[in-house]
Amino acid sequence: MRFAKGHGTGNDFLILPDPDDAAGLSPGLVARLCDRRSGLGADGILRAVRTGPGDPAEWFMDYRNADGSIAEMCGNGIRVFARYLLRHRLAAGPEFTVATRAGLRQVREEASGEITVDMGAPVIRGRSVAVIGSCRYEGLEVSLGNPHLACVVDVPPGDIDLSAPPGVDHARFPDGANVEVVRVLGDGRLDMRVYERGSGVTMSCGTGAVAAAVAAQATVTVTPPAGPGQDRRAGAGPALPAVTWVVRVPGGELVVTLAGTTSLLTGPAVIVAEGVLDEAWLLGQANERIRPAGPAVNAGRAGSPRAGSPPS
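These remarks concern the structure in this document. Everything numeric in this text was worked out from a predicted model, so none of it was measured.

The rules behind the values
Residues numbered from 1 in each chain as written. Predicted model: local features only at pLDDT ≥ 70, side-chain atom pairs only at ≥ 80, totals over all residues. Heavy atoms only, no water. Helix = DSSP H or I, 4+ residues; strand = E, 2+ residues; numbered from the N terminus. Buried < 20%, exposed > 50% of the residue type's maximum accessible area, 1.4 Å probe, protein only. Contact = heavy atoms within 4.5 Å. Areas by Shrake-Rupley, 256 points an atom, 1.4 Å probe, with all protein chains shown as cover. Expected span 1.5 Å × (residues − 1). Salt bridge = Lys/Arg side-chain N within 4 Å of Asp/Glu carboxyl O. Polar contact = N/O pair within 3.5 Å; in protein donor to acceptor, adjacent residues only side chain to side chain. Phe/Tyr/Trp six-rings, centres within 6.5 Å; stacked < 30°, edge-to-face > 60°. Lys NZ or Arg CZ within 6 Å of the ring centre and 35° of its normal. 1 Å grid on protein atoms, 1.4 Å probe; cavity = no way out; pocket = protein on both sides within 12 Å on 5 of 7 lines; lining within 4 Å. Points joined across faces, edges and corners; volume = space filled by probe spheres on them. Nonpolar A, V, L, I, M, F, W, Y, C, P; charged D, E, K, R; others polar.

**Side note on the overall build of the protein chain**
Working step 1: Of regular secondary structure, the protein chain possesses five helices and 18 strands.
Working step 2: Relative to its 312 residues, the protein chain shows a buried fraction of 53%.
Working step 3: Put simply, of all contacts in the protein chain between residues at least 6 apart along the chain, 64% involve residues at least 24 apart.
Working step 4: Entry remark: accessible area of the protein chain is about 12800 Å², with carbon and sulfur atoms responsible for 53%.

**Concerning helix 2 (residues 75-87)**
Working step 1: Counted at 1.5 Å a residue, the expected span for helix 2 with its 13 residues is 18 Å, and the 19 Å between its end C-alpha atoms agrees.
Working step 2: Across the 13 residues that make up helix 2, a large majority, twelve, are buried.
Working step 3: Listing the buried residues of helix 2 in full gives G75, N76, G77, I78, R79, V80, F81, A82, R83, Y84, L85 and L86.
Working step 4: Positive backbone phi, at 55 degrees, marks R89, one or two positions downstream of helix 2.

**Here's the deal with helix 1 (residues 27-34)**
Working step 1: Where helix 1 is concerned, the buried positions are L29, V30, R32, L33 and C34.
Working step 2: Where helix 1 is buried, its residues touch strand 2 (11-17), strand 3 (44-50), strand 4 (59-65) and helix 4 (279-282).

**Describing the pattern of salt bridges**
Working step 1: Taken as a whole and judged by the stated rule, the model has 17 salt bridges.
Working step 2: D12 is the salt-bridge partner of R36, the closest N and O atoms lying 2.8 Å from each other. Note that R36 is positioned in the loop between helix 1 and strand 3 and D12 in strand 2, a separation of 24 residues in sequence.
Working step 3: Residue E138 is joined to R127 by a salt bridge in which the shortest nitrogen-to-oxygen separation is 3.9 Å. Here the residue E138 occupies a position in strand 9 (residues 135-143), and R127 occupies one in strand 8 (residues 123-132), the gap between them amounting to eleven residues.

**Quick word on the environment of V155**
Working step 1: In this structure, V155 sits in the loop between strand 10 (147-152) and strand 11 (178-186).
Working step 2: Between the C-alpha atoms of V155 and V184, which are 29 residues apart in sequence, the distance is 9.6 Å.

**Some details on the environment of R50**
Working step 1: Locating R50 in the fold gives a position in strand 3.
Working step 2: Residue classification places R50 among the partly exposed positions, given a relative accessible area of 31%.
Working step 3: Separated by 30 residues in the primary sequence, R50 and D20 place their C-alpha atoms 6.3 Å from one another.
Working step 4: In terms of polar contacts, R50 uses its side chain to reach the side chain of E58, at 2.5 Å.

**Thoughts on the packing of aromatic side chains**
Working step 1: This model, assessed by the stated rule, comprises one aromatic pair.
Working step 2: Between F13 and Y63 the ring centres are 6.1 Å apart and the planes differ by 70 degrees, which places this aromatic pair in the edge-to-face class. A residue pair is termed long-range when its members are at least 10 positions apart, and F13 in strand 2 and Y63 in strand 4 qualify at 50 residues. One exposure class covers both F13 and Y63, and it is buried.
Working step 3: Just above the ring of W281 sits the side chain of R32; from NZ or CZ to the centre is 4.0 Å.

**Description of empty space enclosed by the protein**
Working step 1: Across all of its chains, the model carries one cavity of 30 Å³ or more by this definition.
Working step 2: Approximately 80 Å³ is the volume attributed to the largest cavity.
Working step 3: Lining the largest cavity we find Y63, N65, A71, M73, C74, N146, N178, E196, R197, C205 and T207.
Working step 4: Residue composition of the lining of the largest cavity, grouped by class: five nonpolar, four polar and two charged.

**Quick word on unusual backbone geometry**
Working step 1: Along the chain, G93 connects to P94 via a cis peptide bond; the corresponding omega equals 5 degrees.
Working step 2: Along the chain, the position of P94 falls in the loop between helix 2 and strand 5 (95-100).
Working step 3: Even without a glycine there, the phi angle at D21 is positive, about 55 degrees.
Working step 4: You can see D21 is positioned in the loop between strand 2 and helix 1.
Working step 5: Here R89, not a glycine, exhibits a phi torsion of approximately 55 degrees, which is positive.
Working step 6: Note on R89: relative accessible area 77%, which makes it exposed.

What follows is the structure, encoded as structure tokens:
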């Protein structure tokens, strides 16, 4: 099995090309591949599957967290995914569409070499609380296809210990949430640290950067939160004005543009290496072998029968 290793601002991924959808991934194999000591090491896996005839996107990004769980969307991941497709001339640039479990996403290679992805309209779902250590932090619930709780704080985010999973309201986040701690620096800049569900502390998070920008902008403009059970999409009605935020993460900087009814995420996307997995390692544990994709693996992607969807 071939692989590539890439990263976006330190958020690293393994890309597994599977154009014919000939192999599925067990959660155990994903976890083994992502292990930083006995595997290749990554925050997650991006399986590249060619879509069926008539699909508006030629490629589907099957994203898995480092623990093997299925996720809806990954902002840095899709930019690395796009870089891989462009490098191998599997997509005609500079702009094309990628299918994800969160829907279709437009990606574009900029003249600078950075990759921009149209993340769609962030959905604001009110406020909730994250428990980090012995402290409670109020945050804004934001969905980018996957759930976030972005907490604006008045201390350096690096001073907050995210080594243990933050506690969130299970009723509001039945499948968990990505938790961001955000400090607004002024002049359109902010610092962010993140704990990603299924992966832990990461150097960066693309969807988290967008959620952090939404929370920062809501704080700056004193936007009232949506009521319980309500959604408010950025750019709809009295929502967020068009604005650009530079989001500093441990792995570098991302640029988030909140524009009208959508959001754009721009940053570097790097392919580090490519190679072939050792067959003996793959078969080293019988229970973690790659297995043919079956109905349970391939049911549920919006717009296609391929690849599994996250629990609802």
